[in-house]
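Read off the chains here:
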Amino acid sequence: MKVIDILNNGKVNVSCELFPPKAWDKLEGAKQVVREISKLNPSFVSVTYGAGGGTSDYTVDLGREVQNFGVTALAHLTCLSTSEEKLISVINNLKKNNIENILALRGDRGEENLPGAYSHASELIELIKKHGDFCIGGACYPECHPESSSVSADLDGLKIKADSGCEFFTTQMFFDNNVFYKFMYRLLSAGITVPIVAGVMPVTNSNQLNRIVSLSGSGIPLRFKSIADKFSNDPAAMKQAGIAYATEQIIDLVASGVNNIHIYTMNKPDVAAQIMANISDIIGK
């Protein structure tokens, strides 16, 4: 099934994210994570693509595993450090394995980046469209992409991606729902009307916060900083508080009419299971 059809079904949809292992001998453990998360009956599962395409083969393997459990898979694909030949090879491999959804991403810049075929996700979207009938999604930043010169420039980039064939956007994680609501208003004002999937990350370890801020540019509200400060030395309490905070975010989003929500699970099925249990009646599962 194509993700766009799921997002437009009029129901509350909750998806989850997985990331492949860096080494082949860890693949079976990752497949066990797939099994456990699939039991939660998510609307779909996205599978990330390592920096420079380092885990691209595992992305296809896990995507196939997801679909073997009857769950729709959304495969990530990045272009910043990948040749056109490699991109086409991965696209054909996804097609061969009946994975018909791709999240087209530029990829994060880093010292290890090698010259790739493309430097913009919009270029990757156009390549994907040439090589198969895929549903194509993209990423967006409610608080503005860290590398954008302005909010206006960031919106211009999203409009280019939507016009190139991007059918939906998944947001980077955010911790203040008001930031998301203001972002939705800006999108409408810019004429961007594709479905938006709200990305929520349960922070179960206070050490994650600095990395989250550096990678995503997400602001951390004082309320959540207080939680992290209070429970930073109590792992069990921090995990419980992080799950509760993410649950509260999701409840508020659903109450405000947001039907499509994505949980950044960090390959922790138990965390995803607790959140899904907390909202089971709310989302009708």
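Here's what I pulled together on the structure shown here. (Residues numbered from 1 in each chain as written. Predicted model: local features only at pLDDT ≥ 70, side-chain atom pairs only at ≥ 80, totals over all residues. Heavy atoms only, no water.)

### Some words on the pairing of strand 3 (residues 73–78)
Successive residues of a regular strand alternate their side chains across the two faces of the sheet.
So, step 1. Here strand 3 lies mainly inside the structure; six of its six residues are buried.
So, step 2. Judged by which residues are buried, strand 3 turns out to be covered on both faces: Ala73, Ala75 and Leu77 on one side and Leu74, His76 and Thr78 on the other are all buried.
So, step 3. The pairing of strand 2 (residues 45–47) with strand 3 spans three bridges and is classified as parallel. Among the inter-strand pairings, Ser46 is bridged to a residue of strand 3, identified as Leu74.
So, step 4. Examined bridge by bridge, strand 3 and strand 4 (residues 101–105) share four bridges and lie parallel to one another. Bridging across to strand 4, His76 finds its partner in Leu103.
So, step 5. Read from strand 3 through helix 4 (residues 84–96) to strand 4, the crossover connection turns out right-handed. (Buried < 20%, exposed > 50% of the residue type's maximum accessible area, 1.4 Å probe, protein only. Helix = DSSP H or I, 4+ residues; strand = E, 2+ residues; numbered from the N terminus. Pairing = 2+ DSSP bridges. Right-handed = clockwise from strand over helix to strand, strands pointing away.)

### Observations regarding the pattern of salt bridges
So, step 1. Considering all chains together, one arrives at eight salt bridges under this definition.
So, step 2. Lys2 is the partner of Asp133 in a salt bridge, and the nearest nitrogen-oxygen pair spans 2.9 Å. Separated by 131 residues along the polypeptide, Asp133 in the loop between helix 5 (121–130) and strand 5 (135–140) and Lys2 in the segment before helix 1 (3–7) bring together distant segments of the chain.
So, step 3. You can call Lys2 buried: its relative accessible area is 18%.
So, step 4. Between Arg35 and Glu65 there is a salt bridge; the shortest N-O distance is 3.9 Å. With Arg35 in helix 2 (residues 27–38) and Glu65 in helix 3 (residues 56–68), this pair connects stretches of sequence that are 30 residues apart. (Salt bridge = Lys/Arg side-chain N within 4 Å of Asp/Glu carboxyl O.)

### A few points about unusual backbone geometry
So, step 1. We note that Cys144 has phi near 85°; this positive angle belongs to a residue other than glycine.
So, step 2. One can find Cys144 in the loop between strand 5 and helix 6 (151–164).
So, step 3. The class for Cys144 is buried, based on a relative accessible area of 14%.
So, step 4. Backbone geometry at Met266 places phi at a positive 55°, although glycine is not the residue there.
So, step 5. The topology assignment puts Met266 in the loop between strand 8 (260–263) and helix 11 (269–278).
So, step 6. Under the relative-accessibility criterion, Met266 is labelled partly exposed at 36%.

### Some points on the packing of helix 9 (residues 222–231) against helix 10 (residues 235–255)
So, step 1. Following both chains from N to C, one finds helix 9 and helix 10 inclined at 160°, their axes separated by 9 Å at the closest point. When the interaxial angle is binned, helix 9 and helix 10 end up roughly antiparallel. Classified by chirality, the crossing of helix 10 by helix 9 is right-handed. Two secondary-structure elements touch here, helix 9 through Arg223, Phe224, Ile227, Ala228 and Phe231 and helix 10 through Pro235, Ala237, Met238, Ala241, Tyr245 and Glu248.
So, step 2. Its residues placed into classes, the contact of helix 9 with helix 10 shows nine nonpolar, no polar and two charged. (Axes fitted to C-alpha atoms, helices over the stretch in contact; angles between N-to-C directions. Parallel < 35°, antiparallel > 145°, perpendicular 65-115°, else oblique. Left-handed = near helix turned anticlockwise from the far one by under 90°. Contact = heavy atoms within 4.5 Å. Nonpolar A, V, L, I, M, F, W, Y, C, P; charged D, E, K, R; others polar.)

### Quick word on the nonpolar core
So, step 1. Ranked by internal contacts, the top residues of the largest apolar core, which has 64 residues, are Leu77, Ile128 and Phe169.
So, step 2. Among residues more than four places away in sequence, those in contact with Phe169 are Gly138, Ala139, Cys140, Leu158, Lys161, Ala162, Ile192, Val194, Pro195, Ile196 and Val197.
So, step 3. Of all hydrophobic cores here, the second largest spans 14 residues; its members include Met173, Phe175, Met238 and Tyr264. (Core = buried A, V, L, I, M, F, W, Y, C linked by side-chain atoms within 4.5 Å.)

### A word on the pairing of strand 7 (residues 196–200)
So, step 1. Counting buried residues along strand 7, five of its five residues qualify, which places the element largely inside the surrounding structure.
So, step 2. What you see with strand 7 is no split at all: Ile196, Ala198 and Val200 on one side and Val197 and Gly199 on the other are buried throughout.
So, step 3. Across two bridges, the pairing between strand 6 (residues 168–171) and strand 7 is parallel. Across the sheet, residue Thr170 finds its bridge partner in strand 7, namely Val197.
So, step 4. Each parallel crossover has a hand, and for strand 6 linked through helix 7 (residues 177–189) to strand 7 it is right-handed.
So, step 5. Strand direction decides the pairing type here: strand 7 and strand 8, joined by three bridges, are parallel.

### Some words on the environment of Thr204
So, step 1. One can find Thr204 in the loop between strand 7 and helix 8 (208–216).
So, step 2. For the pair Thr204 and Ala244, spaced 40 residues apart in sequence, the C-alpha separation works out to 9.9 Å.
So, step 3. Apart from residues lying up to four places away in sequence, Thr204 is in contact with Pro235, Met238, Lys239, Ile243, Lys268 and Val271.
So, step 4. Of the polar contacts made by the side chain of Thr204, one reaches the side chain of Lys268; its length is 3.1 Å. (Polar contact = N/O pair within 3.5 Å; in protein donor to acceptor, adjacent residues only side chain to side chain.)

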